[in-house]
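Coordinates in review
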Amino acid sequence: MTAVRGIQASTWHRTELIRCLAALLLLSGAAGGLRAEEGDFGQCVAGLQERARGEGISETTVDEVLGRVQFVPRVIELDRRQPEFTQTFTDYFGRRVTEDRVQRGRALLAEHRELLQRVQRTTGVPAHYLVAFWGLETNFGSFFGNMSVPDSLATLACDPRRSDYFTGELMAALRIIDAGDITAERMQGSWAGAMGHVQFMPSVFLRYAVDGDGSGRRDLWGSIPDAMASAGNFLRGIGWEPGQRWGREVRLPEDFAYDLAGRHQRFSLSEWRARGVTTADGAQLPDVDLEASLLVPSGHRGPAFLVYDNFEVIMRWNRSEFFALAVGHLADRIAGADPLRRPPPADAQAMALADVKRIQEQLNEKGFDAGAADGIFGPATRSALSRFQQSVGLVADGHPHPDVLEKLLDGSR
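Residues numbered from 1 in each chain as written. Predicted model: local features only at pLDDT ≥ 70, side-chain atom pairs only at ≥ 80, totals over all residues. Heavy atoms only, no water.

A look at the sheet that holds strand S4 (residues 247-251)
Spatially, S5-S7-S8-S4-S6 is the arrangement adopted by the five strands of the open sheet, whose pairing is antiparallel. Two strands lie at the open edges of the sheet, namely strand S5 (267-268) and strand S6 (278-279), each paired on one side alone. Bridging between S4 and S6 involves two bridges; their strand directions are antiparallel. Bridged to Arg 251 within S6 is Thr 278. (Pairing = 2+ DSSP bridges. Helix = DSSP H or I, 4+ residues; strand = E, 2+ residues; numbered from the N terminus.)

Side note on the packing of helix H10 (residues 149-157) against helix H11 (residues 163-178)
Two numbers describe how H10 lies on H11: the axes approach to 8 Å, and their chain directions differ by 150 degrees. Judged on the interaxial angle alone, H11 and H10 are roughly antiparallel. Note on packing geometry: the crossing formed by H10 with H11 is left-handed. Of H11, the residues touching H10 (which contributes Val 149, Pro 150, Leu 153, Ala 154, Leu 156 and Ala 157) are Ser 163, Phe 166, Thr 167, Glu 169, Leu 170, Ala 173 and Ile 177. The class makeup of the residues in the contact of H10 with H11 is ten nonpolar, two polar and one charged. (Axes fitted to C-alpha atoms, helices over the stretch in contact; angles between N-to-C directions. Parallel < 35°, antiparallel > 145°, perpendicular 65-115°, else oblique. Left-handed = near helix turned anticlockwise from the far one by under 90°. Contact = heavy atoms within 4.5 Å. Nonpolar A, V, L, I, M, F, W, Y, C, P; charged D, E, K, R; others polar.)

What to know about the side chain of Thr 86
With respect to the element layout, Thr 86 can be found in strand S1 (residues 85-86). Those residues in contact with Thr 86, other than ones at most four positions away along the chain, are Ala 350, Met 351, Leu 353, Val 356 and Gly 375.

Some words on the pattern of salt bridges
With the rule as written, the count across this model stands at 19 salt bridges. With its nearest N and O atoms 3.1 Å apart, the salt bridge here joins Glu 99 to Arg 333. One end of the pair, Glu 99, is in helix H7 (residues 99-111); the other, Arg 333, is in helix H16 (residues 321-334), with 234 residues separating them in the sequence. Residue classification places Arg 333 among the buried positions, given a relative accessible area of 7%. The partner of Glu 321 in a salt bridge is Arg 263, and the shortest N-O contact between them spans 3.4 Å. (Salt bridge = Lys/Arg side-chain N within 4 Å of Asp/Glu carboxyl O. Buried < 20%, exposed > 50% of the residue type's maximum accessible area, 1.4 Å probe, protein only.)

Some remarks on helix H9 (residues 127-138)
With twelve residues, H9 should reach 16 Å at 1.5 Å per residue; the first-to-last C-alpha distance of 17 Å fits that figure. Across the twelve residues that make up H9, a large majority, eleven, are buried. Of the surrounding secondary structure, the elements contacted by the buried residues of H9 are helix H6 (89-96), H7, helix H8 (113-123), helix H13 (224-237), helix H15 (309-317) and H16. Directly after H9, the chain includes Asn 139, whose backbone phi takes a positive value near 50 degrees. (Expected span 1.5 Å × (residues − 1).)

Thoughts on H16
A rise of 1.5 Å per residue sets the reference length of H16, with its 14 residues, at 20 Å; its end C-alpha atoms lie 20 Å apart and thus fit the reference within 8%. Counting buried residues in H16 gives 13 out of 14 residues, a clear majority hidden from the surface. Backbone nitrogen of Phe 322 and a side-chain oxygen of the N-cap are separated by 3.3 Å at the start of H16; the cap is Ser 320. Trailing H16 by a residue or two, Gly 336 shows a phi angle of about 115 degrees, which is positive. (Polar contact = N/O pair within 3.5 Å; in protein donor to acceptor, adjacent residues only side chain to side chain.)

Considerations on the packing of aromatic side chains
For the coordinates displayed, the defined rule picks out 21 aromatic pairs. Each ring, one from Trp 246 and one from Phe 305, has its centre 6.0 Å from the other, and the planes form 50 degrees; the classification is tilted. Here Phe 305 lies in strand S8 (residues 304-307) and Trp 246 lies in the loop between H13 and S4, a separation of 59 residues in the sequence. As far as burial versus exposure is concerned, Trp 246 and Phe 305 are alike and both buried. Through pairs of rings, three or more aromatic residues link up here, namely Phe 89, Tyr 92, Phe 93, Trp 246, Phe 305, Phe 311 and Phe 322. (Phe/Tyr/Trp six-rings, centres within 6.5 Å; stacked < 30°, edge-to-face > 60°.)

Remarks on the packing of H9 against H16
Taken N-terminus to C-terminus, the directions of H9 and H16 make an angle of 125 degrees; their axes are 8 Å apart at the nearest point. Considered as vectors, H9 and H16 are oriented oblique to each other. Judged by the twist between their axes, the crossing of H9 over H16 is right-handed. Here His 128, Tyr 129, Val 131, Ala 132, Phe 133, Leu 136 and Glu 137 of H9 lie close against H16, whose contacting residues are Phe 323, Ala 326, Val 327, Leu 330, Ala 331, Asp 332 and Ile 334. Residue classes in the contact of H9 with H16 are distributed as eleven nonpolar, one polar and two charged.

Concerning the confidence of the model for the protein
Atom-level detail of predicted coordinates should not be read off regions where pLDDT is low. The predicted model of the protein averages 90 in pLDDT, with 90% of residues at 70 or higher. Low confidence marks residues 1-36, where pLDDT is under 50. Its contacts with residues over four positions away, or in another chain, come to twelve contacts. (pLDDT = per-residue confidence, 0-100.)

Things to note about the pairing of S8
Of the two faces of S8, the one lined by Ala 304 and Leu 306 and the one lined by Phe 305 and Val 307 are each fully buried. Two elements, S4 and S8, share four bridges in a ladder whose sense is antiparallel. Residue pairing for S8: Val 250 is matched across the bridge by Ala 304. In this structure, strand S7 (residues 291-295) lies alongside S8, joined through three bridges in antiparallel fashion. From the neighbouring strand, Leu 295 faces S8, where its bridge partner is Phe 305.

Considerations on the state of the cysteines
Taken as a whole and judged by the stated rule, the model has one disulfide. The side chain of Cys 44 participates in a disulfide bridge whose partner is Cys 158; the two sulfur atoms lie 2.0 Å from each other. Between Cys 44 and Cys 158, the S-S torsion sits near -95 degrees, and that sign places the bridge as left-handed. With Cys 44 in helix H3 (residues 30-54) and Cys 158 in the loop between H10 and H11, the pair connects residues that are 114 residues apart, well separated along the chain. (Disulfide = S-S within 2.5 Å.)

Written out as C-alpha cells, the structure is:
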C-alpha cells in the first residue's frame, strides 16, 4: 500500500494503477468478486432495513436482526457453484433410498403413528409419505443445515443474480421472527435459507406452517408435530389428491415405443394396458381412466414408472423427477413394499457438463433441436436424442447410452 500511495497523481500513472488493480482482480478470481460485494453489503442492508420498515416489520427486528447480519462469502460460492458432472439416476437413487433409511423410516412411522395418523385425517396425506419427505429432506431431522438464515438470505438479497427472490424470502424470515415462532439465533438452515425438519423456505413457512403441538408457536426445528402437520398442510395446499398413490413401478413389453415416455404425455391406465404395460410383477394394470405418464429415468436398461397426479404434487415441492421418484418409492418401502423389481443399472456413468454440451451441439447440428447447449440434460435434450435414436434404428429412450453416443459423436471429435 505504501507504493500505491507514492504513485504520482498524473493521468498516466492513474491509468497504469487502474490497469494493475484490474489485473490483480482478474487473477484473484472469485475471491476478489466476493470482497467487492462485501464492500457494498452495508449500503445494501440499509436499503433492506428501509424496505422492512415499509412492510410493517417491527423496529426491534429491523435493528436487532438486519442490524447484525453478516455477509457470508461461502453462500455466494455455493450459489455460483455448478456441478462438474451430471448425476445419474443410479447414483441419486442409490444414495437416498437406502436400506438404513427404509428401516429408520419404518421405526419412526411406528413411533409417531398417532401423530401421523392425526395429520393424515386432517390433510389427506398418508403417514408414510410424510415420513419419506422427512427422510429425504433432513435424514429424519439429523441435519437441518448450520448456517444463519438471516445472514444467508441477506447475502443473497444483496447479490444481483436473484436479488428479488431472496429479498422476498428475507422479508418473510423477518416476519417469522417478528411473530415469535423462532429467534434469529435459532433460525439455522441451508445456505439458501431452507429451514427445519422439512426444509421450508420462509415464504412457504408463512403460508403453510402450522402449530401442531398446541404450543402457540410454529417451530419446525424443535417440534416434530409442528413439522409433520406443516408438511401435510403444504402438500394439501399444493394439490395432494387423497386416496391416490404417487405412481408405481411397471414392466414394459420388449417392443415398447419409448417415444411415449415423458411427463409431457399422459394416457389412461386402460391405454397403457392396451400397449402391453403391466405391473412390475407382470399382472395386468387396472382397466380404468386414471391418467398417468411413463418415466424411464435410466432408459430402457433400468426401471420404468407410471406416475399420477400426486407425482406432480411432489414435483411442486422439489422440481426434480429424481427427487419425486425417490420420495414415492421410499414412501412405498416405509409402508412395507419390496425393493424395485428392476433396479437402476449398476454401470451407469455420470457425464461431464462439457460432454452434455457437445451432445446438444451435435443434435442441433444434425437437425434435432435440443435447445441451448447449456450442459443440462433436460426434457428438450432427451426428446431430441430420442428422435435421433429413431433415425438410426436404436431404442428411442432418449438416454445417452454408449452405443448412442458413438453414433451421435462419430466424426465430431
